[in-house]
Amino acid sequence: MTEASGTGPFLALSGLIRHFGATKALDGADLVIEAGSVHALVGENGAGKSTLIKTLSGLYQPGGGSIRLDGADIAIDGPKAAEALGFRFIHQELNLVPHFDAVGNAWIGRRHPRRGPFLDHRAMRRRVAEIAARIAPDLPLDRPAIRLTPGQRQMAEIVRALIEPARLVVMDEPTSSLSEGEAERLHKVVRRLAEEGTAVLFISHRLDEVLELCGSYTVLRNGRTVGAGPIAGIDRAGLVALMSGGASDHAAVDPMRDRSAPPAGRSERPGALFSADLAFGPANARFTLEARPGEIIGLYGLVGSGRSSLLKILWGASVARGTITIAGRKLVGGPADRIRKGIAYVPEDRRREGFAATLSIEDNLALAHLADFRAVAAVPISSRGKIRQFAAGVGARLRLVAARLDRSPMTLSGGNQQKLVFGRWLGRTIRVLLVDEPTRGVDVGAKAEIHAEMRRIAAESASVIMATSDIEELLALSDRVLVLQTGRLIAELGGTTLTRSAVVAAAFGHAPSPSGPAVPRPSEEFIA
Ligand SMILES: Nc1ncnc2c1ncn2[C@@H]1O[C@H](COP(=O)(O)OP(=O)(O)OP(=O)(O)O)[C@@H](O)[C@H]1O
């Protein structure tokens, strides 16, 4: 590890500027990080965090300001320069080569170990395996990235970042798709890196995690630094107040459900019963589900548990054996048919499945219900005015930060992209909402907003089925929680049995199978 020269902090950014047209993504941002520290960078969606780290990684050139390393001014004129300085980045949207496995990905752009003129594949794999053993012992090293779950891809990126010695590791929401235990494992790795002298810049919307893990913080708002200091000198409410510009924490507090009784009047609510009787996942075990109108069902499990696959099957985008019905009617079509029947889906991988990058933000919001925006009902031509009106309404409700709604979603920050993917279903009649990581990358204020929308959708007699790795979110929203392991239902928790410790214990396999070991297969019928 290179020692700091002692002439200044390890890294100091001051007055950084980066504009995109009229958007001042960075407008004089400052940041100071000491060697061997874990420093939090927090701010609302669109505050400029990703832009700041892209500047640090050489992807963007600042339009003003300075970067000092060990007290000396430096310029980072590209990703190679950042790499040579020992800076490693784990971006929010991961950047693995889809058809390379974890080993192949880890060595891209690195000096490969050689045996004479040949690549030393064994040494390459050994090095990757050593790192993976420390942070992600279950990561399949030989599986192409495209077949890894988002959580596994996250781990593969971290392994890649650590393959060579690092002076600074920047992690942009590394735990946003990891479950409780996996996040704890990552925290241990972060602490160990810091003990070894590496500085870690940690971006997270999970403020409890920030308070527990980090030693110091910087808060960005509208591209400017509005607060910085030791974590010991601030609390959650203080961070939220800085992030939001003085507003109190009330919007960020989600009331916990009183589960001593079912939600009032639920059993009498009219609406469609949504049910599934399936076999899927490696275990090909039977999985049955009945979602009542007005009910929020939480799906929980470790990475690879099958919760996202289950939602895709329910959405009709993946094939499984069995039957899915709504109001007693069998669902046979794909997503288009599901939409017609009042089923909505918010995917986990927003970039690949959530929106079309070539369409504008407003067209993406209108996409699932184009018929609603016709100027004349009988003519299949959409009214631009109606689309704009809808998009502006959704934008206001979810506090979407976008310079212009007629631009590509690629101009949005990560959290705002998530609001877009969720927002297209607002104001619709929904019978079943299938939602995968609804608030991944979303700031505390917007998170409370999305939670309120989900409760409202349920209160209007829809069934909500939500997969989340955020245990606070799971407990705050769910009436019932189903815990999965490799496609198998291993516990069902509800009422007073639904507690944090019961969920975690079940996810780690300390609960008896509710359905017993011998389960018959459901009907041998394909769902198209
Ligand atoms: N390539 C781009 N073109 C135009 N505008 C952009 C671009 N990238 C970012 N922006 C804008 O710059 C602002 C800051 O975005 P940035 O991604 O840095 O925010 P962030 O703090 O990382 O947010 P999040 O928490 O949602 O990830 C936002 O208003 C965003 O819309």
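Below is a short write-up of the structure. Residues take numbers from 1 onward in each chain, read along the sequence in its written order. Selection of residues for local features in this predicted model requires a pLDDT of at least 70, selection of side-chain atom pairs for listing and counting requires 80 or more, and totals for whole chains, interfaces and linings are taken over all residues. Calculated side-chain values reflect all of the structure's heavy atoms, with hydrogen atoms and water omitted.

### Looking at the sheet that holds strand 12 (residues 224–230)
The condition that has to hold: What makes two strands pair is DSSP finding at least two bridges between them. Only runs of H or I of at least four residues qualify as helices and only runs of E of at least two qualify as strands under DSSP, and these elements are numbered from the N terminus. Only the stretch in contact is used when fitting a helix axis, every axis being a line fitted to C-alpha atoms; angles between N-to-C directions are given from 0 to 180 degrees. Contact definition: two residues touch when any of their heavy atoms are within 4.5 Å.
A sheet is described by the order of its strands in space; here 6 strands give the open sequence 6-9-10-3-11-12, paired in mixed fashion. At either margin of the open sheet sits one strand with a lone partner, and together these are strand 6 (87–90) and strand 12. Strand-to-strand twist of the sheet, defined as the mean angle between neighbouring strand axes without regard to direction, takes the value 15 degrees. Two strands pair when backbone bridges link them, and strand 3 (residues 38–42) and strand 10 (residues 199–203) are joined in this way by 4 bridges, in the parallel orientation. The partner of Val38 across the bridge, within strand 10, is Val200. Contacts from helix 8 (residues 236–244) reach strand 3, strand 11 (216–221) and strand 12 within the one sheet, and its direction differs from that of strand 11 by about 30 degrees.

### What to know about unusual backbone geometry
How we decide: Between buried and exposed lies partly exposed: a residue is buried under 20% and exposed over 50% of the maximum accessible area for its type, with that area taken using a 1.4 Å probe on protein chains only.
A positive phi angle, near 50 degrees, is found at Glu173, a position not held by glycine. Positioned with a positive phi, Arg399 is a non-glycine residue whose angle comes to about 50 degrees. Position of Arg399 relative to the elements: it lies in the loop between helix 13 (384–397) and helix 14 (414–423). Taking the relative accessible area as the measure of exposure, Arg399 reaches 42% and is therefore partly exposed.

### A look at the site of the ligand
To keep it simple, the criterion reads: If even one non-hydrogen atom of a residue comes within 4 Å of a molecule or strand, that residue is called near it. Any pair of nitrogen or oxygen atoms within 3.5 Å is treated as a polar contact; in protein, a donor-acceptor pairing is required on top of that, and neighbouring residues in sequence qualify only through side-chain atoms on both sides. Here the Shrake-Rupley method, with its probe set to 1.4 Å, supplies the accessible areas, and only the displayed protein chains count as covering residues. Asp, Glu, Lys and Arg are counted as charged, while Ala, Val, Leu, Ile, Met, Phe, Trp, Tyr, Cys and Pro are counted as nonpolar; the rest, among them Gly, fall into the polar class.
Near the ligand lie 21 residues; those nearest to it are Ser50, Thr51, Thr411, Ser413 and Gly415. The separation between an oxygen atom of the ligand and a polar main-chain atom of Gly46 is 2.8 Å. At 2.7 Å from an oxygen atom of the ligand is found a side-chain nitrogen or oxygen belonging to Ser413. When isolated, the ligand has an accessible area of 640 Å², and the protein chains bury 88% of it. Of all the secondary structure elements, the ones that give two or more residues to the shell around the ligand are strand 2 (23–33), helix 1 (49–56) and helix 14. Of the residues contributing to the shell around the ligand, the split by class is 6 nonpolar, 13 polar and 2 charged.

### Digging into the pairing of strand 12
Remember that side chains alternate between the two faces of the sheet whenever the strand is regular. With 6 bridges joining them, strand 11 and strand 12 adopt antiparallel strand pairing. Its bridge partner lying in strand 12, Val219 is registered against Gly227. Count of turn residues in the strand 11/strand 12 antiparallel hairpin: 2 residues, of which Asn222 carries a positive phi of about 50 degrees.

### Re the nonpolar core
Basically, it comes down to this: Nonpolar core, defined: a set of buried Ala, Val, Leu, Ile, Met, Phe, Trp, Tyr and Cys residues in which side-chain atoms within 4.5 Å join the residues together.
Counting residues in each nonpolar core, the largest one holds 61 residues, and the members touching the most others are Phe274, Leu314, Leu433 and Leu434. Aside from chain neighbours lying at most four places away, what touches Leu314 is Phe274, Ala276, Leu278, Leu289, Ile324, Arg338, Leu434 and Ile465. If you look at the next biggest cluster of nonpolar residues, it comprises 50 residues, including Ala102, Ile135, Met155 and Leu162.

### Describing a nonpolar patch on the surface
Convention followed: Residues enter patches when their relative accessible area tops 30% and they take part in no salt bridge; the joining distance is 9 Å for like charges and 5 Å for the nonpolar side chains Val, Leu, Ile, Met, Phe, Trp and Tyr. Any Lys or Arg side-chain nitrogen located within 4 Å of an Asp or Glu carboxyl oxygen qualifies as a salt bridge.
Taken together, the side chains of Val376, Val379 and Ile381 define a hydrophobic patch exposed on the protein surface, amounting to about 260 Å² of accessible area. Mapped onto the elements, Val379 comes out in the loop between helix 12 (361–366) and helix 13. Under the relative-accessibility criterion, Val379 is labelled partly exposed at 37%.

### A look at the sheet that holds strand 16 (residues 321–326)
Pairing is antiparallel in the open sheet, where 4 strands are placed in the order 14-13-16-17. The sheet is open, and its two borders are formed by strand 14 (285–291) and strand 17 (329–330), each paired with just one other strand. Where strand 13 (residues 274–280) lies against strand 16, 6 bridges are found, and the strand directions are antiparallel. Counted as the bridge partner of Leu278 is Gly322 from strand 16.

### Notes on the pattern of salt bridges
For the structure shown, the criterion picks out 26 salt bridges. Ionic pairing is found between Arg397 and Glu453, a salt bridge with its closest N-O pair at 3.0 Å. In this pair, Arg397 is assigned in helix 13 and Glu453 in helix 15 (residues 444–459), connecting sequence segments 56 residues apart. Beyond isolated ion pairs, a larger network of salt bridges with shared partners links Arg292, Glu295, Arg480 and Glu492.

### What to know about the packing of aromatic side chains
Rules: Stacked, edge-to-face and tilted are the three classes for Phe, Tyr and Trp ring pairs, Trp counted by its six-membered ring, which pair at centre distances within 6.5 Å; planes under 30 degrees apart are stacked, over 60 edge-to-face, the rest tilted.
Per the counting criterion, the structure on display carries 3 aromatic pairs. Ring plane angle 70 degrees and centroid distance 5.3 Å describe the contact between Phe20 and Tyr60, whose orientation is recorded as edge-to-face. You can see Phe20 sitting in strand 1 (residues 11–20) and its partner Tyr60 sitting in the loop between helix 1 and strand 4 (64–69), a full 40 residues away along the chain. Taking 6.3 Å as the distance between ring centres and 80 degrees as the angle between the ring planes, the aromatic pair formed by Trp315 and Trp425 counts as edge-to-face. With Trp315 in helix 9 (residues 307–315) and Trp425 in the loop between helix 14 and strand 19 (432–436), the pair connects residues that are 110 residues apart, well separated along the chain.

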